Amino acid sequence: MTSLTHDPAATETRRPKDKLLIIAGSLCGLLVFVALFGFLFAPYPPDQTDVLASGVGPSPDHLLGTDSLGRDILSRALAGARISFAGPGLIVLASAVCGTTLAIFAAWTGGWVDQTLNRLLNVVFAVPGILVAVLASAVFGAGFWAPVIALTVIYIPYYARVVRSAAVRERNMPYVEGLRLAGLSSWRICSRHILRNVVPIVLAQGTIAFGLALADFAAVSFLGLGVQTPTAEWGVMVADGRSELLNGDMQQSLVAGACIVITVVAFNIFGDRLGARYGADR
Amino acid sequence: MSQEALLNVVDLSIELTDSVPRRTLVRDVSFTVRQGESVGLVGESGSGKSMTVKAAMRLLPRAADATGSIEFEGVSVLDMGRRELARYRSSDVAMIHQDPRAHTNPMQTIGDFLIEGVVSAGLQSKAAAIDRAIGLLDEMGIKDAPRRMAQYPHQLSGGLLQRVMIASALMSEPKLVFADEPTTALDVTVQSEVIAIMVEQIQERGLGMLFITHDLDLAAAVTDSLVVMYAGTVVEKGKAHDIYAGPRHPYTAALLASRPSTTHVKRLVSIPGRPASAYEVPTGCVFAARCPFATELCRSDRPVARELDGRVVACHRAEELTHELKTAASA
Amino acid sequence: MTIDHAQQPVLTVDKLVKVFPGPAGHEHPAVNQVSFTLESGGSLAIVGESGSGKTTTARIVAGLETATSGTVDVDGRVLAGRSRRRTRLANARLVQMVFQDPFGSLDPRQSVGAGIKELLAVHFGWGTAQLTERVTALLQQVGLDERHANKLPRNLSGGQRQRVAIARALALEPKILILDEAVSALDVSVQAQVLNLLADIREATGVSYLFVSHDLGVVRQITETCIVLNQGKIIESGSTAQVLDSPEHPYTQALIDAVPKPGWKPRRRT
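Residues numbered from 1 in each chain as written. Chains lettered and ligands numbered in written order. Predicted model: local features only at pLDDT ≥ 70, side-chain atom pairs only at ≥ 80, totals over all residues.

1. Some thoughts on helix α2 (residues 85-92) of chain C
Thought 1: Within α2 of chain C the residues assigned to the buried category are Arg-88, Asn-91 and Ala-92 of chain C. In a view along the axis of α2 of chain C, the buried residues occupy a sector of 100°, so they form one face of it.
Thought 2: Against the buried residues of α2 of chain C lie α6 (174-181) of chain A together with β6 (95-98) of chain C. (Buried ≥ 20, exposed ≤ 12 C-beta atoms within 10 Å, placed from the backbone. Helix = DSSP H or I, 4+ residues; strand = E, 2+ residues; numbered from the N terminus. Arc of directions from axis to C-beta. Contact = placed C-beta atoms within 7 Å.)

2. What about the environment of Ile-235 of chain C?
All names here are of chain C.
Thought 1: Mapped onto the elements, Ile-235 comes out in strand β10 (residues 233-239).
Thought 2: Ile-235 gets classed as partly exposed once you count the C-beta atoms within 10 Å, which come to 18.
Thought 3: Spatially, the C-alpha atom of Ile-235 lies 24 Å from that of Gln-8, the residues being 227 residues apart in sequence.
Thought 4: Those residues in contact with Ile-235, other than ones at most four positions away along the chain, are Val-228, Asn-230, His-249, Tyr-251 and Thr-252.

3. Examining the UniProt feature "domain: ABC transporter" (unreviewed entry) in chain B
Thought 1: The positions that UniProt labels "domain: ABC transporter" (unreviewed entry) are, in the present scheme, residues 7-256 of chain B.
Thought 2: Its end C-alpha atoms 28 Å apart, residues 7-256 of chain B is made of 40% helix and 26% strand. (UniProt positions renumbered as here; feature names shortened; annotations may be inferred.)

4. Observations concerning the environment of Glu-139 of chain B
Thought 1: Structurally, Glu-139 of chain B can be placed in helix α4 (residues 126-139).
Thought 2: Judged by local crowding, Glu-139 of chain B falls into the partly exposed class, with 17 C-beta atoms found within 10 Å.

5. Section: the interface of chain A and chain C
A common way to state how big an interface is: give the accessible area lost once the parts meet.
Thought 1: In this complex, chain A contributes 19 residues to the contact, which on the side of chain C involves 28 residues.
Thought 2: With five residues, the top contributor of residues to the side of chain A that touches chain C is α6 of chain A.
Thought 3: Tallied by class, residues from the side of chain A that touches chain C come to ten nonpolar, six polar and three charged. (Nonpolar A, V, L, I, M, F, W, Y, C, P; charged D, E, K, R; others polar.)

6. Describing the domain arrangement of chain C
Residues and elements named next belong to chain C.
Thought 1: For chain C, the assigned domains are domain 1 (7-94 + 176-270) and domain 2 (104-173).
Thought 2: Look at where the C-alpha atoms of domain 1 and domain 2 centre, and you get two points 26 Å apart.
Thought 3: Every contact between the two is made by twelve residues of domain 1 and, on the other side, twelve residues of domain 2.
Thought 4: Examining the composition of the side of domain 1 that touches domain 2, we find that five residues originate from one element, helix α6 (residues 188-205), more than from any other.
Thought 5: Of the residues in the side of domain 1 that touches domain 2, the class split is ten nonpolar, one polar and one charged. (Domains from an automatic or database assignment.)

Structure representation (structure tokens):
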């Protein structure tokens with residue numbers, strides 16, 4: 001009876017590589033590295049002004065040129081990556097934790113709790129994020145924290161909706177019924193089993209959300225309600241660059257804008273491929 | 001029964017190209033379906049039976065590569081152009097699937113579903129197609145056919161919907177019907193009825209049928225000849241009655257012996273291990289690892305399918321085992 | 001039937017009724033006045049087709065559904081709610097269940113060994129060495145070995161998964177094992193292995209089986225008594241041999257006639 005001759009694991013062949021996943025993933029990794037350590041490679045301190053070379057184009061001294069105050073744009077873009085990433089990073093982390101917890105709770109409890117939470121999340125989902133962030137800044141004062149907290153709340157449904165349907169699917173699987181029959185507590189089933197099976201979805205969703213949150217966070221800064229000038233931050237840089245556009249100097253807005261676009265696209269594709277891979281895994 | 005070959009499959013092999021290394025799913029499969037003949041293609045999971053039928057319909061996934069030859073009335077199916085293929089699929093052959101619900105559009109009425117194929121292929125006018133569809137539903141034993149024509153799939157039970165699928169397969173007056181596990185999803189009493197209708201309709205019209213199933217008893221009951229597959233290869237083929245009465249391949253015998261009987265209690269003869277796929281089996285006979293009669297020769301050399309008493313068997317020891325297998329199967 | 005065991009039933013189901021909520025006035029009971037007993041160490045089949053109420057009955061016995069009315073008495077105790085930790089754990093030691101779908105009945109991200117250890121730890125609070133030992137013993141009992149303990153379900157075949165599901169159920173040493181179409185999704189050759197295994201386990205442990213199935217051949221091999229359900233009602237009951245050999249109800253006869261066998265002619269009823 002033990003001679004189970006054919007073992008599927010032994011003959012497992014590898015899944016073909018997802019090139020897009022690897023490219024986008026590497027780019028995301030590189031961007032995170034830049035955010036953490038980019039300031040070390042900056043040729044100048046981000047706030048150092050050089051009056052003699054203000055508003056110049058790319059040159060050997062200033063690879064991406066300088067802004068109207070003579071600050072090195074490359075250095076500001078590198079140093080600005082940190083705070084540009086810190087905001088959305090916090091937003092994504094906090095909303096993922098809240099969203100996933102709420103979602104699993106709703107899916108497990110079911111009934112009116114689930115329905116009420118679902119409606120509530122739909123309402124929140126319908127509210128434009130930037131609007132709330134702007135409102136929060138207006139009420140609590142501009143700065144880093146007001147948009148972070150506001151956007152955290154707004155991003156909760158982004159996870160909760162997807163995770164909830166995944167958790168409902170898991171809850172209805174026979175293995176969960178088996179665990180219930182084995183006398184395991186709801187807490188244990190949710191935290192040890194259901195959570196573990198929805199984590200890949202949370203990761204995929206979080207990666208996409210990071211890109212979107214970065215754009216939202218930069219937009220609030222651009223409007224002058226988030227991180228304030230002269231702090232180096234991509235949204236702030238785009239805003240600062242506006243006045244230079246009139247003089248035909250577009251480097252600053254262009255560089256900061258490109259940073260935002262590249263980051264958003266890279267994280268979006270990475271998250272999308274992660275999600276697809278998870279689907280293929282099942 | 002006419003002896004004209006409708007479908008002739010010779011040395012068909014199918015490989016999946018999107019994995020490293022390439023996976024073989026079907027290896028050197030040959031069989032023939034003649035006009036008016038019912039052939040049962042029997043096998044467990046991994047046997048390659050579904051892939052073989054998909055190849056015969058040219059419905060293989062993009063990543064699958066078929067070699068060998070599949071001829072329908074002398075024309076190579078694998079080399080058909082777009083037009084020929086469309087004509088082949090719309091009027092020469094038809095398919096009855098395992099899950100009728102997955103193969104109907106929930107937003108389309110039964111009537112539209114039935115006439116869509118033949119009308120869009122220009123085979124029949126709409127009015128003629130509607131008349132024919134109602135006639136066919138009637139022959140399938142579906143009462144008040146005109147009312148059913150206006151209904152949607154969700155309003156029909158599984159058994160009723162499968163009868164609609166049979167009607168739909170017959171709409172274009174095909175010469176050959178592929179039935180892929182047509183009753184596996186149905187209850188036993190419904191299965192008996194659906195099979196009865198299907199067999200009766202196909203025989204009345206003198207059509208060829210390739211009946212794909214995992215159920216050897218069912219296949220033996222409704223077909224003229226059997227093709228038994230294991231791990232992507234044909235291990236035995238011949239007249240259904242002969243194989244059922246006296247299997248000549250150890251796998252066929254083991255399949256018969258492991259089926260629990262409704263009339264007496266016995267310790268079931270179980271085959272150790274699990275059914276394998278073609279790419280998982282080592283050199284030698286595909287069944288050697290699970291075969292109680294395997295010798296060194298079986299493990300090193302793959303037996304070639306050969307004629308034996310009016311059937312084809314791929315087993316080195318087929319002659320000497322005749323008696324053992326007969327006892328084993330009927331034990 | 002079981003003579004060496006005390007004739008006291010391990011399971012008594014009395015006038016079980018289950019009505020699922022539906023449009024008012026159109027509520028058909030899925031289970032209607034179903035009563036039966038299962039002797040200690042015995043094996044009882046609930047036979048029926050889809051919609052017969054066989055699975056609902058089993059799920060009520062397991063405690064996964066609540067009955068509209070009627071009682072389920074396991075080992076002299078009426079199974080109540082599963083909210084309190086103590087009753088939950090005690091109930092788990094009475095009834096366990098193996099499901100039909102071998103692919104959904106194991107946590108896809110938990111290794112086989114870790115899953116069984118988790119159950120044992122919750123129930124018995126053993127140390128690591130004892131847990132490992134028991135896991136190996138359980139896997140051996142179902143025809144696997146300790147190498148399978150480190151595997152994830154996706155690296156196991158359907159038959160192996162179903163063996164693991166049986167090992168998990170046996171881990172809690174229940175009085176009753178409910179097998180809900182537990183072998184129907186398996187290939188015939190593998191199904192025979194699992195059926196033999198189930199027969200061996202019952203002999204070795206004295207566990208009682210409640211076997212839900214539509215497959216009369218399987219029922220014949222694995223059970224001693226059976227009840228035949230049709231549209232929620234018991235239409236026939238008795239010893240399996242008697243019911244299958246000389247059915248009294250036309251529906252039972254129709255079920256038997258529909259099984260493909262040598263010389264079988266499919267019947268058209270219209």
